[in-house]
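Observations on chain architecture
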Amino acid sequence: MKTVKVTIQVNNEENVLQVKPYETLLETLRERLALTGAKESCGMGACGACTVLVNGIPLRSCLVLTAEVDGADITTIEGLMKDGKLHPLQEAFMEKGAVQCGFCTSGMIMTAKALLDRNKRPTKKEIVRTISSNICRCTGYKKIIEAVEEAGKK
Amino acid sequence: MILPQFEYHKVQSVAGAIALYRKYKGKARYCAGGTDLIPLLKQRLSAPAAVIDLKGIDELKTITRRKGVLIIGANVTLFDLKNDPIVREHFPALFQSLDATSCETLQMRGTIGGNILQDTRCIQYNKSLEWRTSRGFCFKMGGKACNVVLNAQACFSNYCSDNAPALITLSAKVRLKGLKGERTVDLEKIFSGNGKAPFTVEPGEVLTAILIPLKKTEGVYEKLRVRDSMDYPLVDAAVSMAGGKARVCIGGIGPAPRLYVIKNMDENTIRDTADKAYADAKPVANTTISAAYRKKMVSTLVKRAIKRVLKEGGR
Amino acid sequence: MNTDLNIVGKRVVRSDSLAKVTGEARYTADLRLPNMLVGKVLRSPYPHARIVRIDLTRALKVPGVKAAVSGFDAYGIKWGVFRYTQDHAMLPTDKVRYIGEDVAAVAAIDEETALEALSHIKVDYETLPAVFDPIESMKDGAPQIHDEHKNNINIHVHIDVGEVDKAMREAFIVREDTFKAAGEAYAMMEPYAVVASYKNGFLDLWMPNAGPHVRAKALSNLLKMPLNKVRVRHINSGGAFGGRSEVAPADLVASLLSIKAGRPVKLVLSREENATSSRQIHDIIATIKTGMKKDGTIVAKDYKVIYNGGAYSSTGPIATSIPFYVYEECYRFPNVRYNGYRVFTNKGIRGMYGCHGRAFLAGNEAQMDLMARELGIDPAEIRLKNGLTPGEVTATKSKITSCGLKETIETASERTDFKKQWAKRSRNKGIGMGCVAIMCGFPMGFRSGSSCYVKINDDGQVTIVTGLVDNGQGNESMVIQVASEVLGIPMGDINLVCADTEVTNLDPGSYSQAAAFVGANAVKVACENARKRIVAIAAEKLGVAETDIGLKDRMAYVVKEPDKKMPISWVVREAFFRGDPIVATGSFFPNIDFEREWVSRPWGQMAGTFSFGTSVAEVTIDPETGKVTIPRFTAAHDCGCPINPMAVEGQMEGSILQAGVATITEGNLWDKGHLLNPDLLEYKVPLACDMPEMDTIIVSSRDPAGPFGAKEGGLTVRMNAYSAVACAVANATGALFEELPLTPDRVLKIMETKKGVKK
């Protein structure tokens, strides 16, 4: 089968790739670009562990074809640090104890980042609504909510 | 989980999409947000030779008002539509159904067109090929029986769009463009009532726009689900009211939403409508919750929705 | 709280969290080794069928396929945790016993090729009658799943203490009820994955596991390889909850494929496979008969509990016992009889679970409330009356040392104004309480203890080496914190090597709640031994007695003259000069009765200590839909001493989700042998919007043997949160539940057909 040429900016780096037309963005990130921060947990869009930002919008990368996002600007968890400094969300997740097994963490942080990018100081209710897009089996979400609140204040 | 092989095309126009569909002799699927289609492909419930991506068609992304009608491009995302001031102001039932759809992240990807044309669902259908092979193929998979109801003659899969029932209460129409030209039909008319092929949409037709008469309504959307996010409705009821008349629509049970029109809002009519909706509903054991309960909830939700509209106008 | 502690008891940032928030933490599926192949498994489409023939030849001809295996490539060995439960070949050659069972597998250059090859494996089956319901399965004439187990009874645990029948006759009030609960899914976010790499006679393995040493041992048996050639390596684990405790078929499959192909093989299960083919949780039918005196004293308990065990033994004897023990460790039962049956059926294998036993535990607690109400006693009072106190001995002869049960009941009651709220219940609102105790470790023979090796490096930084495992709960950070406290060296200066069979010593693993009490204790002892060496040199150099030396912030100092000090790195270098570097080992072995056996001798000291906890749930019920919401949840947990209170709270909050809110949402659904919700859409893991306001209360009973007084951190909530919810619903509806989860259809039914109190 013919491959498709795509150019994607991933964490501010341009990648020109020949991908399979039926390749998901999650596969491209993990298998081709070795960016394994986004996780495959359900593979069907029901959990959010694979969430990355595509042109600033949080998408489940397991439901997105790489061919669809040709030309897009993609941010993954690996691209959140700036000049060796953690993103406020990353700091807050650590400080508030919002991380346990860590498998949902990158998707959770990327989902929360999209919220903070459009709404600097979200209310608790808004945070709950947003992160109800993602499943965490470990924490009970309380410390995640606190972390997003805290990051909003930074 | 990897996808099966298919070719991918992004098109810039509806005509381009239709031309490609023709080229693939119908062995192609249109893709908007993909939140319904990609899981179907992953589970090998659909095996097209090509996926035709409609996201590049700019004309499908706009919301315009013309001659007392709100025209919503099919590719407007659920999230953008929810945040449109006209929707919030004029169509509270739709606002609430959009807000109750799946989760916020999927609202940002899913489109209103795709949401309307989502396939019907069944707990014995939305499974991997291995699971279904072990279980045996049902009607909807091209088999000869229903895996839920013994000796059934039809498919009882559920139509689970949150928004179609709300749109139906708003007397929405849909515009379809296909191999034979363009047509505009009442939304409630696109349902075949057959779970195996739930839409009367012609092969190759693209849903391009949803048209809603632009008048202020009062309305409510009631949805029963186990979790307050992510879940499809186990049963849902939308009500929109204007000028003392109301339209009630029930979804989540069986392959088509059902519309009830109330001309006079009095207690008897409300009760009759709830009774009628209850009698019409034929849920089967194809969700996580019992069928008898879902049936019972039809009248509960209808009464509750109407009560809320009368009390708070859906605000 | 000990005020003289520097870091233990503080809310510290977990040592593992930096890698996890940057996406750098590696999990098994993230690994990529040179030349690595992709493994895929062909699974049984039948619940019960004889395997006639497995033909791999056509699959092997698919270009890109490098190996294919079936059970005929293994050694005919069956694994079992106990000698009397060795029934699991992992890749069967006689017959398949559940849908989704591993039958054959391939390794290929990519997933597409592997999937293609699977379709060319030909398996001939002769289908057999199957049985799915444990009651049916126990009947004469039911399909026999394993030849050696008559009536498909895998395990029968029989406990009989005192004179139950006599006590029942003499009781003022007696009540018998049967409670059911659907089995749950672990639903850990990480689907099961294994990487196996066979080279030069050594097999290296990475997989999420709760005990690398037992895993390596099992594989060494199954593969007929010496134990030193099988090395299970450290890797992050995306959640376990009991579901990663045992060797898995995928471990054997990936190993055989790698041995055959001579290349590393990665096998990652899909979400659906993770549900159907890794481990599931027992569904339970618990019949509970209770006799009480007029004053609410429990005089007798008589139990018959049936556990649907699925197709193989797994941790059978343990699973059949634990719900009973965590209850008898909490309350005083002068007369008690327990008959627990674990029954084989043609369903997926059931394992242990952090929330194991909800039908039994919630049933007991809800029934107790109803009886108490009849006697005019409120739930808090009846729990205080029957609850065990320090120094008491349980019905099966475990001595309770530290015990904060009373405090947990009292604080949870005060915080929620429990008595008042319980008394003024309405149809739509209820409040309920659940209590339980948890053994911190249980008898696992010579694997019950842990040991640790510590070395202080030339710049004064530390490496600690321990077999302890972290499945996400924070065990790694916990032991680093303990080491930091003992050595006076910041956590950031301490490196941990753990859970790697090549370099770490035996440890109970993270499935018997022993990590803090046993694992951290061993680390503490090792660090104390190293500390003695540091202190000896520092005392000599600073010219004071050893007892006058303190260690803090990388410095050894004179306690009474803190300005008199020297860096620990100097001490370490001095030790190197003396040709006697600072290295130390330390071990901890809990005080357990090793004569105790789950089936043959179910009495004696179960564990070194026990934790205690009380949960209180407040529920609101929609009277029209039956939908339950939990606006507030309060949990009080006696963890002995919270080493990191933030981590303990996290465990408690997670437990409120996994046991508490799950009471209204979670349960596996079946159509005979087909699991209907093997996904994360129809299996309802609660979301943020479904969670209550949570109030977590940590009670410190200071265990005399625990490290800094610590016991396990949070599991009581995992085993009493459902009781609290079930009791709250019973409080609101005035009737007992029959079956969990309390989905809206069931709750509406309870409200419609209210079950009264019977005598």
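Calculation notes
- Residue positions are counted from 1 within each chain, in the order its sequence is given.
- The lettering of chains begins at A and the numbering of ligands begins at 1, in the order of writing.
- Local features are withheld for residues below a pLDDT of 70 in this predicted model, meaning they are given only at 70 or higher, and side-chain atom pairs are given and counted only at 80 or more; totals for whole chains, interfaces and linings count all residues.
- As a rule here, side-chain values come from all non-hydrogen atoms in the structure, and water together with hydrogens is ignored.
- Secondary structure elements follow DSSP: runs of H or I of four or more residues count as helices, runs of E of two or more count as strands, with numbering from the N terminus.
- Throughout, radius of gyration means the C-alpha value; the globule benchmark is 2.2 Å times the number of residues raised to the power 0.38.
- Burial here depends on accessible area, computed with a 1.4 Å probe over protein chains only, as a share of the maximum for the residue type. Under 20% is buried, over 50% is exposed, and the range in between is partly exposed.
- Contacts are assigned to residue pairs with any non-hydrogen atoms lying within 4.5 Å of each other.
- Areas reported as accessible are Shrake-Rupley estimates using a 1.4 Å probe. Residue values count occlusion only from the protein chains shown.
- Just to be clear on terms, a salt bridge is a Lys or Arg side-chain nitrogen sitting within 4 Å of an Asp or Glu carboxyl oxygen.
- One requirement defines pairing of two strands: DSSP has to find at least two bridges between them.
- Two parts placed together each lose some accessible area; with a 1.4 Å probe, that loss summed over both constitutes the buried area.
- Whenever two N or O atoms come within 3.5 Å, that pair is a polar contact, provided that in protein one can donate a hydrogen and the other can accept it, and provided that, for residues adjacent in sequence, both atoms are side-chain atoms.
- Expected helix span is given by 1.5 Å per residue-to-residue step, counting one fewer step than there are residues.
- Lys, Arg, Asp and Glu make up the charged group, whereas Ala, Val, Leu, Ile, Met, Phe, Trp, Tyr, Cys and Pro make up the nonpolar group; the residues left over, Gly among them, are polar.
- To get an axis, a line is fitted to the C-alpha atoms, and for a helix only the part in contact is used. The angle between two axes follows their N-to-C directions and goes from 0 to 180 degrees.
- For classification, angles of less than 35 degrees are called roughly parallel, those exceeding 145 degrees roughly antiparallel, those between 65 and 115 degrees roughly perpendicular, and all remaining angles oblique.
- Crossing handedness follows the turn of the near helix against the far one: under a right angle anticlockwise gives a left-handed crossing, and clockwise gives a right-handed one.
- As used in this record, nonpolar core signifies buried Ala, Val, Leu, Ile, Met, Phe, Trp, Tyr and Cys residues forming a set joined through side-chain atoms within 4.5 Å.
- Here the limits of each domain have been adopted from an automatic or database domain assignment.
- Ring pairs shown here join Phe, Tyr and Trp side chains whose ring centres sit within 6.5 Å, with only the six-membered ring taken for Trp; geometry is labelled stacked below 30 degrees between planes, edge-to-face above 60, and tilted in between.
- Lysine NZ or arginine CZ positioned within 6 Å of the ring centre and within 35 degrees of the ring normal marks a charge as sitting over the ring.

It is worth spelling out the overall build of chain B at this point. Across its full length, chain B carries eleven helices and twelve strands. Computed over its C-alpha atoms, the radius of gyration of chain B comes to 19 Å, within 12% of the 20 Å expected for a compact globule of 315 residues. If you line up chain B on its principal axes, its C-alpha atoms span 55 × 50 × 35 Å. With 315 residues in all, chain B has 64% of them scored as buried. Relative to all contacts within chain B whose residues are 6 or more apart in sequence, the contacts with residues 24 or more apart total 62%. Only carbon and sulfur atoms are counted for the fraction: they give 52% of the accessible area of chain B, which is about 12000 Å².

When helices and strands are counted, chain A shows five helices and five strands. In chain A, the succession of helices and strands from N to C terminus is β-β-α-β-β-β-α-α-α-α. In summary, chain A has a C-alpha radius of gyration of 15 Å against a globular reference of 15 Å for 154 residues, a match within 12%. For the C-alpha atoms alone, the extent of chain A along its principal axes is close to 45 × 30 × 25 Å. When each of the 154 residues of chain A is scored for burial, the buried share is 68%.

Let us now look at the pattern of salt bridges. Counted under the stated rule, the structure contains 85 salt bridges over all chains. Here B:Arg135 makes a salt bridge to C:Asp671, at a shortest N to O gap of 2.9 Å. Of the two residues, B:Arg135 sits in helix α8 (residues 129–135) while C:Asp671 sits in strand β28 (residues 670–671), which places them in two different chains. Taking the shortest distance from any N to any O, the salt bridge between C:Lys20 and C:Asp16 comes out at 2.7 Å. For the pair formed by C:Lys20 and C:Asp16, the shared burial category is buried. Connected through salt bridges with shared partners, the residues A:Lys142, A:Lys143, C:Arg11, C:Glu649 and C:Glu653 form a single ionic network.

What follows covers the pairing of strand β10 (residues 235–242) of chain B. In regular strands, side chains alternate between the two faces of the sheet. All names here are of chain B. With seven of eight residues buried, β10 is to be regarded as a mostly interior element. Summarising the sheet, strand β9 (residues 218–224) and β10 pair through seven bridges and their orientation is antiparallel. Looking across to β10, one finds that Glu222 is bridged to Ala237. In sequence, β10 turns back onto strand β11 (residues 245–251) through a hairpin of two residues, with Gly243 there showing a positive phi of about 55°.

Often, the extent of an interface is quoted as the loss of accessible area on bringing the components together. Listed as interface residues are 44 residues of chain A and, on the opposing side, 53 residues of chain C. Both faces considered, chain A and chain C share a buried interface measuring about 3800 Å² in area, 57% of it formed by carbon and sulfur atoms. Three residues stand out in chain A for area buried against chain C, namely A:Met94, A:Gln100 and A:Arg137, and they jointly supply 22% of the buried area on that side. At the junction of chain A and chain C, the tally comes to eight salt bridges. Residue A:Lys20 is joined to C:Glu112 by a salt bridge in which the shortest nitrogen-to-oxygen separation is 3.5 Å. Between chain A and chain C we count 26 residue pairs in polar contact (both at pLDDT 80 or more) in total. For the side of chain A that touches chain C, the secondary-structure elements that each account for two or more residues are α1 (25–32), α2 (88–95), α3 (105–118), α4 (124–131) and α5 (142–153) of chain A. With four residues, the single largest contributor to the side of chain A that touches chain C is α2(A).

Residues and elements named next belong to chain C. Along its 19 residues, helix α18 (residues 715–733) runs 28 Å from first to last C-alpha, staying within 8% of the 27 Å computed at 1.5 Å per residue. Counting buried residues in α18 gives 19 out of 19 residues, a clear majority hidden from the surface. Just beyond α18, the residue with positive phi is Gly734, at close to 75°.

The partner chain B presents 31 residues to the 35 residues of chain C that form the contact. When the two sides are added together, the surface that chain C and chain B hide from each other amounts to roughly 2900 Å², 57% of it contributed by carbon and sulfur. For the interface between chain C and chain B, the tally reads six salt bridges. Counting every contact that joins chain C to chain B gives 21 residue pairs in polar contact (both at pLDDT 80 or more). Those elements that place two or more of their residues in the side of chain C that touches chain B are α3 (111–118), α17 (645–665), β29 (674–675) and α19 (744–752) of chain C. Of the residues forming the side of chain C that touches chain B, the biggest block, four residues, is contributed by α19(C). Its residues placed into classes, the side of chain C that touches chain B shows 17 nonpolar, five polar and 13 charged.

Right, let's get into the packing of helix α10 (residues 358–374) of chain C against α18(C). Residues and elements named next belong to chain C. Where α10 contacts α18, the two axes come as close as 8 Å, and the packing angle between them is 40°. In terms of their interaxial angle, α10 and α18 are classed as oblique. For the element pair α10 and α18, the recorded crossing hand is right-handed. Side by side, α10 and α18 meet where Arg358, Leu361, Ala362, Glu365, Ala366, Asp369 and Arg373 of the first sit next to Met719, Tyr722, Ser723, Ala726, Cys727 and Asn731 of the second.

Looking now at the nonpolar core. Core analysis: the biggest nonpolar cluster contains 194 residues, and A:Phe93, A:Tyr141 and C:Tyr303 have the highest contact counts within it. No other element matches α18(C), which puts twelve residues into this core. Aside from chain neighbours lying at most four places away, what touches C:Tyr303 is C:Thr287, C:Ile288, C:Phe324, C:Tyr327, C:Phe333, C:Val336, C:Arg337, C:Tyr338, C:Asn339, C:Phe360 and C:Asn364. Core analysis: the next-biggest nonpolar cluster, separate from the first, contains 55 residues, C:Ala516, C:Ala522, C:Ala530 and C:Met566 among them.

On to the side chain of B:Asp53, then. By the element assignment, B:Asp53 lies in strand β3 (residues 50–53). Residue class for B:Asp53 comes out buried when judged on its relative accessible area of 0%. Here the side chain of B:Asp53 touches B:Tyr8 through a polar contact of 2.5 Å, side chain to side chain. Those residues in contact with B:Asp53 that sit more than four places away from it in its chain are A:Glu68, B:Tyr8, B:His9, B:Lys10, B:Val11, B:Cys31 and B:Ala32.

Residues and elements named next belong to chain A. The domain architecture assigned to chain A consists of domain 1 (4–79) and domain 2 (88–153). The straight-line distance from the C-alpha centre of domain 1 to that of domain 2 is 21 Å. Of the residues lining the interface, 18 residues belong to domain 1; the matching set on domain 2 comes to 13 residues. Between domain 1 and domain 2, a total of about 1100 Å² is buried, with carbon and sulfur atoms accounting for 64% of that surface. Taken together, the connections running from domain 1 to domain 2 amount to zero salt bridges. Where domain 1 packs against domain 2, one counts four residue pairs in polar contact (both at pLDDT 80 or more). Elements with a minimum of two residues in the side of domain 1 that touches domain 2: β3 (51–54) and β4 (57–60). Among the residues forming the side of domain 1 that touches domain 2, the class breakdown is eight nonpolar, seven polar and three charged.

This next bit is on the pairing of strand β12 (residues 258–262) of chain B. Residue and element names in this part refer to chain B. Of the two faces of β12, only one is covered, namely that formed by Arg258, Tyr260 and Ile262; the face formed by Leu259 and Val261 stays uncovered. Where β11 meets β12, five bridges bridge the pair, whose relative direction is antiparallel. In the strand pairing of β12, Ile250 is matched with Arg258. Where β11 hands over to β12, the hairpin turn is made up of six residues, of which Gly252 adopts a positive phi near 90°.

Turning our attention to the packing of aromatic side chains. Tallied over the entire structure, the rule returns 24 aromatic pairs over all chains. With 6.2 Å between their ring centres and 85° between their planes, C:Tyr338 and C:Phe360 make a pair best called edge-to-face. Remark: C:Phe360 occurs in helix α10 and C:Tyr338 occurs in strand β16 (residues 336–344); sequence separation between them is 22 residues. Each of the two residues, C:Tyr338 as well as C:Phe360, counts as buried. Taking NZ or CZ as reference, B:Lys295 lies 4.5 Å from the ring centre of B:Tyr278, over its face. Of note, C:Arg373 hangs over the ring of C:Trp422, and the distance from its end group to the ring centre comes to 4.3 Å.

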